[in-house]
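Here are the chains, one letter per residue:
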Amino acid sequence: MRTFIKHISQLATLAQGSDTARKKQEMSNLGIIEDGALLLKDGIIEAVGTTEQLRQQYEKELQDAIVFNAAGKLVTPGLVDPHTHIAYGGSREQEFEMRLQGKSYMDIMNAGGGIHATMRMTREATEEQLIEQTTKRLDAFLKHGVTTVEGKSGYGMELETELKQLRVMQKLQQTHAIDLVPTFMGAHAVPAEYKGREDAFVDYIIEEMLPVVATEKLAEFNDVFCEKNVYTPEQSERILVAGKKIGLTPKIHADEIVSYGGAELAAKVGAISAEHLLKVSDEGIRAMAKAGVIACLLPATALYLREQAADGRKMIDEGVAVAISTDCNPGSSPTVSMPLVMNLACISMRLTPAEALTAATFNAACAINRQHLVGSLEVGKQADIVMWHVASYQELQYLFGVNHVQSVWKKGKKVI
Ligand code: NIG
Ligand code: FE
């Protein structure tokens, strides 16, 4: 059975005929087709073109297709969120108030709250409870047009709970419409038991955790919170290099609170992406551009922590491929709204509306190595599609704070 979506006012295909992350001017080229059409079959995109072209070329196939009219609508690829901490227990609304009263994110964490608080609640939660809570978040992502989500462990900081988080994501990958991409993040904080013995915890991650994660194929990526008073660049490098040797691709939470050489380290270890980058140095930006590290920027986190967002404009101008993400987590960014993140990429990082859409689709897919499947609407790719209640991508970014999703198709099936 085929699905035919016709008379799309603006079809943003994001197609450029190449599978490498978009840089500079390429980020502005959305492959727009006016009065566009898509033909879907068996979960895959069978044809893309104008309504007239597809009508002529597929006359026979269209006879028994389900037809949707998208007049007045924008259609884009399903959004991709390349950085979340979605599989966690509990919530931290009291910390929100503490921060508004003047406590910093790091003060709260160093006093045993923050990531440590979620660690305790995640350790206590059963697998069933985590599945239930994570499912609700995934449902909300889907309603906001997100069809692929990366998710990190990191609220266990001991083998059993880290594995529990990764298994929850593995199970949801089989049952939920959203595609989940798992990342191991054992080095998300230093657990209290290891305070002052950080290197011993690094050894534990390398010797006891990474081999199990790799052998059981529970993650594709290996992430580290490289930050002052968390993990030094040297400790981060040891963890990332050890993971790389057993098939886990490096990612780094880099230069979020202070400038700490995280972007430079990302370039050195060949990380696929570096995240946050609020305080990245100029050398760090140049190193990422040269090494082809994708900058994964999280403007909702900066807003929520009342910080100046990363300089996305500068990074694009310097030749870094930029992706954006919610960073969905219970402390610094409890949101699932990629549309809001696109708005904020424009408002607080001065990306253009076109660049923001590229950052939330194709470049986001590149940041989790899914660009061959999703992130653009091209023949043979997965039919992950969003139809929006607006007529253009310019309008999508301009009318901010609103969920403009009209419908969502995942692998060719209408799910919203
Ligand atoms: O990406 N910066 C470190 N980790 C997360 C926050 C996790 C939390 O606060 O629970 C982040 O913002
Ligand atoms: Fe994060």
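Residues numbered from 1 in each chain as written. Chains lettered and ligands numbered in written order. Predicted model: local features only at pLDDT ≥ 70, side-chain atom pairs only at ≥ 80, totals over all residues. Heavy atoms only, no water.

**Observations regarding the overall build of the chain**
And step 1. Scanning the chain for helices and strands turns up 16 helices and 16 strands.
And step 2. Each of the three principal axes of the chain carries a C-alpha extent, and together these read 70 × 45 × 45 Å.
And step 3. Looking at the chain residue by residue over its 416 residues, the buried ones come to 60%.
And step 4. Look at the contacts in the chain between residues 6 or more apart in sequence, and 73% of them connect residues 24 or more apart.
And step 5. Only carbon and sulfur atoms are counted for the fraction: they give 50% of the accessible area of the chain, which is about 15,800 Å².
And step 6. Counting 43 positive and 52 negative side-chain charges, the chain places the centres of these two groups 2 Å from one another. (Helix = DSSP H or I, 4+ residues; strand = E, 2+ residues; numbered from the N terminus. Buried < 20%, exposed > 50% of the residue type's maximum accessible area, 1.4 Å probe, protein only. Contact = heavy atoms within 4.5 Å. Areas by Shrake-Rupley, 256 points an atom, 1.4 Å probe, with all protein chains shown as cover. Lys, Arg positive; Asp, Glu negative; His and termini not counted. Charge placed at Lys NZ, Arg CZ, Asp CG, Glu CD.)

**Regarding the sheet that holds strand β9 (residues 221–226)**
And step 1. Here eight strands make up an open sheet; going across it, the order is β6-β7-β8-β9-β10-β11-β12-β13 and the pairing parallel. In this open sheet, the two strands that pair with only one neighbour each are β6 (79–81) and β13 (322–324). In this sheet, neighbouring strand axes are inclined to one another by 25° on average, regardless of whether the strands run parallel or antiparallel.
And step 2. Bridging between strand β8 (residues 179–187) and β9 involves three bridges; their strand directions are parallel. Along β9, the bridge assignment pairs F184 with N222.
And step 3. Running over the sheet, helix α6 (residues 159–175) touches β7 (146–152) and β8 and is turned about 175° from β8.
And step 4. Strands β9, β10 (249–254) and β11 (273–276) of the sheet are contacted by helix α9 (residues 262–269), whose axis makes an angle of about 175° with β10. (Pairing = 2+ DSSP bridges. Axes fitted to C-alpha atoms, helices over the stretch in contact; angles between N-to-C directions.)

**Some words on the nonpolar core**
And step 1. Grouped together as the largest cluster of nonpolar side chains are 118 residues, with contacts concentrated most on I252, L277, M288, L297, M315, V322 and I324.
And step 2. Per element, the largest residue contribution to this core is seven residues, and it comes from helix α13 (residues 338–349).
And step 3. Excluding residues within four positions of it along the chain, L277 makes contact with A254, D255, A263, M288, A295, L297, A310 and M315. (Core = buried A, V, L, I, M, F, W, Y, C linked by side-chain atoms within 4.5 Å.)

**A short note on the packing of aromatic side chains**
And step 1. The tally for this structure, following the rule as stated, stands at six aromatic pairs.
And step 2. For the ring pair F68 and W409, a centre distance of 5.2 Å and an interplane angle of 80° mean the geometry is edge-to-face. With F68 in strand β4 (residues 66–69) and W409 in strand β15 (residues 405–410), the pair connects residues that are 341 residues apart, well separated along the chain.
And step 3. According to the relative accessible area criterion, F68 is partly exposed, its value standing at 22%. (Phe/Tyr/Trp six-rings, centres within 6.5 Å; stacked < 30°, edge-to-face > 60°.)

**Observations concerning the environment of K103**
And step 1. Turning to its location among the elements, K103 is positioned in the loop between α2 (93–100) and α3 (105–110).
And step 2. Distance in space between the C-alpha atoms of K103 and S281 is 26 Å, their sequence separation being 178 residues.
And step 3. The contacts of K103, once residues within four sequence positions are left out, are M98 and I108.

**Considerations on the coordination of the iron ion (ligand 2)**
And step 1. Around the iron ion (ligand 2), the protein contributes the donor atoms H83 (NE2), H85 (NE2), H253 (NE2) and D327 (OD), at 2.0 to 2.4 Å from the metal centre.
And step 2. Each donor residue of the iron ion (ligand 2) lies on one chain, and together they are spaced H-x1-H-x167-H-x73-D. In this pair, H85 sits in the loop between β6 and α2 while H253 sits in strand β10, placing the two residues 168 residues apart along the sequence. Here H85 matches H253 in class, with each residue buried. (Donors = N, O, S within 2.8 Å, 3.2 Å for Na, K, Ca; no water.)

**Let's talk about unusual backbone geometry**
And step 1. Although it is not a glycine, R350 adopts a positive phi angle of roughly 60°.
And step 2. Looking at where R350 falls in the secondary structure, it is placed in the loop between α13 and α14 (353–360).
And step 3. With a phi close to 55°, N369 is a non-glycine residue in the positive phi region.
And step 4. Summarising the element assignment, N369 is placed in the loop between α15 (362–367) and β14 (385–388).
And step 5. Its relative accessible area of 37% is what places N369 among the partly exposed residues.

**Some thoughts on the packing of helix α8 (residues 233–245) against α9**
And step 1. Packing of α8 against α9 brings their axes to within 11 Å, and their N-to-C directions diverge by 25°. The angle between the axes of α8 and α9 places the two elements in the roughly parallel class. The handedness of the crossing between α8 and α9 is right-handed. Residues P233, S236, E237, L240, V241 and K244 of α8 pack against L265, K268 and V269 of α9.
And step 2. By residue class, the composition of the contact of α8 with α9 is five nonpolar, one polar and three charged. (Parallel < 35°, antiparallel > 145°, perpendicular 65-115°, else oblique. Left-handed = near helix turned anticlockwise from the far one by under 90°. Nonpolar A, V, L, I, M, F, W, Y, C, P; charged D, E, K, R; others polar.)

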